[in-house]
Amino acid sequence: MTKKYDFSRIEKKWQKIWSQNNFKLWQGTDFSKKKKHYVLDMFPYPSGEGLHVGHVEGYTATDIYSRFLRLNNFNVLHPMGWDAFGLPTENYALKTKTHPEIITKKSVKKFKSQMQSLGFSYDWTREFSTTDPFYYKWTQWMFLKMFEKGLVFRQQAFINWCPSCKTSLAEEDLENGKCERCGSEIERKPLEQWSIKITQYAERLLNDLKYLNWPQNVVEMQKDWIGKSTGYEVKFKIITPQQDSLNQNDKETNLEVNVFTTRIDTIFGATYLVLAPEHPLVSKITAISNKSKVENYVNQVINKPELLRTKEKEITGVFTGSFGVNPSNNERIPIWISEYVLMNYATGAIMAVPAHDERDFKFAKKFDLEIREVISPDGQNHNLEEPYIGEGILINSGPFDRLKSTIAKDKIANFVGANKKVNYKIKDWVFARQRFWGEPIPLVFCPHCKQLIENANLKIDEKFSKNDVQYKIGKYTYSKGEILNPGWIALKINKLPLTLPKVKYYKQTTTGKSPLAEIENWVETTCPKCSNPAIRETDTMPQWAGSSWYYLGYALGKNLKVKDFNKGWNKKVIDYWVPVDLYVGGVEHATRHLIYARFWHKFLYDLGLVSSLEPFERLVNQGLILGSDNEKMSKSKGNVINPDEIIKQYGADTLRIYEMFLGPLEAVKPWDTKSIIGVHRFLNRVWNLVIVNLTKNSFSKVSDKDIFKNLKINLHKTIKKVTEDTNNLKFNTAISALMELENELTINALKISKKDFKELMKAYLILLYPFAPHISSELFQILNPKKSIDNQVWPKFDAKLVKETEANYAIQVNGKLRATLTISKSLAQEKIIKKAQELKEVKKWLENKTIKKIIFIKDKIINFVINS
Ligand code: ANZ
Ligand code: ZN
């Protein structure tokens, strides 16, 4: 009787074995002499829905890699945890009147059991959730360090406000600028909020990208996000008409407008100026007769999200009634306002050069403003049909005519008194949410201290510096953050964590404030400095906070639970594990998360708390898995695949291999239920290869020498291929190689001796183990009852065996190269031709054609001659 491949039983059995002694097998060992390798997944947000196949994709990839590295004698850190603060849980808590902690616990339990049912080899001793007080006390500690150093400040920032749900929404909760829940048009409301001066790190965030082994597209996205731009600032004098008597003598004022330009060489072609509608000068320079038009316009655009404003197809704007003086030629040019100029970039005002800028050109056409060509590709004047945005030769530019634009820049800047200026698009990080389910911000507001600090009227440098001093005022000592934010006082470190109140449930406020604001006994407190009455900050941190340093949390491991912060921060153990060697996750984190974490790391570096400049050395983005209809998986489309069901039907090993076999890890690829069966059959064949043959026990007494040698060559080629591919995370091709070898072994198993079969099989199973660990473990145990595959050594290939045996064929159809084929030299000619014929890239040329002739040049070329 043959035993069937009972994947459910086998998988449960091995998962239980692996879980022994707190998953001892998968634990990373601090300070081990072995080479360390830190393999990190982007940790999930544990939602009620459980893992989706996209999680499974990335997590399988890192699991394969971790298991592979362990067998290659690495000391691997492969941890997992939960990014559990955030809106979906909060919304669900409000709806069901439960505490979000309870919901989080449930979701985490589900996620964890799903991960274990996939056989992932995580070091669970280092698990935490960002919502665990023993974890977020550190998040608060680091925030207080930023505060102390003056990196935290209050600024007017806009929130997205849904007037019908009466709640502020994160960017992620907007759908085309509308509330995701009720579909109302959202409003932007200005609100003073805590922010972090990430802009002070812009240059380093840009510069240090060069040290990273990251996908080029992510590097580009980071560069764009940081948005460094080098240009000039130049001032234009303003002439406002006398407000009470328009069109009479112009009145010289001492008002000026400062503009930022990257093309100072075009200034002779600046025929008007444009201010952002929110620019503080607008109210000062608008003429009475233009006032109502201007005000209407400002009201219309002021609440629009920035993104929409810059993407608006139709150009709009209004004239203020005032003029500027172009410093290059002293011409009087009109000052307009328009939404395409943004207040929070550079100076919020531009000199418009319609001949050489797309938007300015459209604007000038629409409002009939002068378009004056000043840069010419050939030195001639043209009738411009469209703006010319390249470099060229200056014309209509007074003393600078005939100069090359590239050379003219500095000279003209000098002439008009412009100053070199670097701008960044990156904004300071708004670090506050009007929410309950986040890390409480450990600050209180004390009116008494506010008075003391304001009366002292200290002047201090607002720039970040590592060696900031404390400031003494009377009997109290304040940090730089406290001086810069009068009245805001940091909690004492020994009072951390500041935990969320233990309420049964809570309600959404209608004021836009955090629900914490209505929990009075939590809000009311005393000042840690002067003991006078004070109130707590009720905004909480954004979800990005906890994920900005979690990779350090895993390295710290049990140190996280040490009470004393200075003892708990075990820098030696961080230096041992960090930076992360491989970080795998979705490309949706290319900017925000990966910018915030890099910034956070650099801040800790400046404090001497970490030694590496960057947190993540190598980054890989797994590609999106689409539904079988080639659309993004979504509930509404009904094309979502539930991994649990696949596991139930085919087993975890099948799901793992299937997802890796779908295509290259980085590629976007559709789900294809049919090919799961193919993968499942492959594992069945591996099973039968061992079980059926052993049961029948009809092996040859002695091996057929040639066959055994051939199998050995094939094995070593496979070792080489799987080793290289796994190292390069090319799992799909590694799996194909394993499938091919299985085929050879299945055909020839009974032509060799049992001993030889076992030898080959043992190596084969080790190769298969990272991909399908359960079946490999089981079969390995059957072949070697005393040994465990988990601590085997990864096989090495014999270079001699691999080298001589392969040829590279160029496969042609009618003499045209259509494919290449790397194949064993020892195969018969017909077999090689057959393989070539079956290649996808060749097949399509041969379909429905008669092959007239096949030209075969040994080890070099196969040419199919067909009727064309
Ligand atoms: C005159 C000019 C002539 C410009 C020309 C461009 C081409 P980046 O590279 O993105 O920094 N600009 C400046 N501040 C702006 C703001 N707050 N909102 C919208 N646009 C703004 O772009 C810098 C250029 O964008 C600046 O150079 C300015 O237009 C515009 F042939 O000045 B330029
Ligand atoms: Zn006080």
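See the structure printed just above.
Quick summary incoming for the structure in this document. (Residues numbered from 1 in each chain as written. Chains lettered and ligands numbered in written order. Predicted model: local features only at pLDDT ≥ 70, side-chain atom pairs only at ≥ 80, totals over all residues. Heavy atoms only, no water.)

Here the focus is the environment of N381. Tracing the sequence through the fold places N381 in the loop between β14 (375-376) and β15 (393-394). Judged by relative accessible area, which is 55%, N381 ranks as exposed. Between the alpha carbons of N381 and D123 there is a distance of 71 Å; along the sequence they are 258 residues apart. Each residue touching N381, except ones within four places of it in the same chain, is listed here: E373, I395 and N396. Of note is the side chain of N381, whose polar atom sits 3.3 Å from the side chain of N396. (Helix = DSSP H or I, 4+ residues; strand = E, 2+ residues; numbered from the N terminus. Buried < 20%, exposed > 50% of the residue type's maximum accessible area, 1.4 Å probe, protein only. Contact = heavy atoms within 4.5 Å. Polar contact = N/O pair within 3.5 Å; in protein donor to acceptor, adjacent residues only side chain to side chain.)

Glancing now at the coordination of the zinc ion (ligand 2). Looking at the zinc ion (ligand 2), one finds its protein donor set to be C446 (SG), C449 (SG), C527 (SG) and C530 (SG), positioned 2.2 to 2.3 Å from the metal centre. Of note is the zinc ion (ligand 2), whose four donor atoms meet at the metal with angles of 98 to 114° in an arrangement that counts as tetrahedral. Read N to C, the donor residues that coordinate the zinc ion (ligand 2) are spaced as C-x2-C-x77-C-x2-C. On the basis of relative accessible area, C449 is assigned to the buried category, the value being 0%. (Donors = N, O, S within 2.8 Å, 3.2 Å for Na, K, Ca; no water. Tetrahedral: all angles 85-135°; square planar, octahedral: opposite > 155°, others 65-115°.)

A few words now on the sheet that holds strand β2 (residues 74-77). Spatial strand order, β2-β1-β24-β25: four strands in an open sheet with parallel pairing. This sheet does not close on itself; its edge strands, each paired only once, are β2 and β25 (619-621). Across the sheet, the axes of successive neighbouring strands diverge by a mean angle of 20°, strand direction being ignored. Here three bridges tie strand β1 (residues 35-41) to strand β24 (residues 582-585), and the two strands are oriented parallel to one another. Considered in β24, the bridge of L40 is made with Y583. (Pairing = 2+ DSSP bridges. Axes fitted to C-alpha atoms, helices over the stretch in contact; angles between N-to-C directions.)

A word on the pairing of strand β8 (residues 229-241). Across the 13 residues that make up β8, a large majority, ten, are buried. Bridge analysis of β8 against strand β16 (residues 419-423) gives five bridges, and the strand direction is antiparallel. Note that in β16 the partner of G231 across the bridge is K421. Direction of pairing for β8 relative to strand β11 (residues 318-325): antiparallel, over a ladder of three bridges. Note on β11: the bridge partner recorded for I239 is F323.

The method is simple in principle: a probe with the dimensions of a water molecule rolls over the atoms, and the space it marks as empty is what remains. Taken as a whole, the second largest pocket encloses approximately 1,500 Å³ of empty space. If you trace the second largest pocket, you find 39 residues lining it, with K717, E740, T822, I823 and K835 closest to the centre. The leading source of residues in the lining of the second largest pocket is helix α25 (residues 731-748), at twelve residues. Of the residues that constitute the lining of the second largest pocket, the class distribution is 13 nonpolar, twelve polar and 14 charged. Both of domain 4 (647-801) and domain 5 (804-866) provide at least three residues apiece to the lining of the second largest pocket. (1 Å grid on protein atoms, 1.4 Å probe; cavity = no way out; pocket = protein on both sides within 12 Å on 5 of 7 lines; lining within 4 Å. Points joined across faces, edges and corners; volume = space filled by probe spheres on them. Nonpolar A, V, L, I, M, F, W, Y, C, P; charged D, E, K, R; others polar. Domains from an automatic or database assignment.)

Turning to the pattern of salt bridges, a few remarks are in order. In the structure shown here, the tally under the stated rule is 40 salt bridges. A salt bridge links D6 to R9, with the shortest nitrogen-to-oxygen separation between them at 4.0 Å. Note on D6: relative accessible area 37%, which makes it partly exposed. The partly exposed category is assigned to R9, whose relative accessible area is 39%. K720 is the partner of E724 in a salt bridge, and the nearest nitrogen-oxygen pair spans 3.5 Å. Of this pair, E724 and K720 both sit in helix α24 (residues 705-727), separated by four residues, roughly a single helical turn. By relative accessible area, which is 39% here, E724 ends up partly exposed. Each of D6, R9, K13 and E778 takes part in a single network of salt bridges with overlapping partners. (Salt bridge = Lys/Arg side-chain N within 4 Å of Asp/Glu carboxyl O.)

Taken as a whole and assessed by the stated rule, the structure comprises 56 aromatic pairs. Each ring, one from Y135 and one from W549, has its centre 4.3 Å from the other, and the planes form 5°; the classification is stacked. You can see Y135 sitting in helix α6 (residues 133-148) and its partner W549 sitting in the loop between β23 (533-536) and α17 (550-556), a full 414 residues away along the chain. W549 matches Y135 in its accessibility class, with the two residues each being buried. Above the face of the W18 ring, R67 is positioned so that its terminal group lies 4.5 Å from the ring centre. It is R332 that lies over the ring of F323; its NZ or CZ is 4.1 Å from the centre. (Phe/Tyr/Trp six-rings, centres within 6.5 Å; stacked < 30°, edge-to-face > 60°. Lys NZ or Arg CZ within 6 Å of the ring centre and 35° of its normal.)

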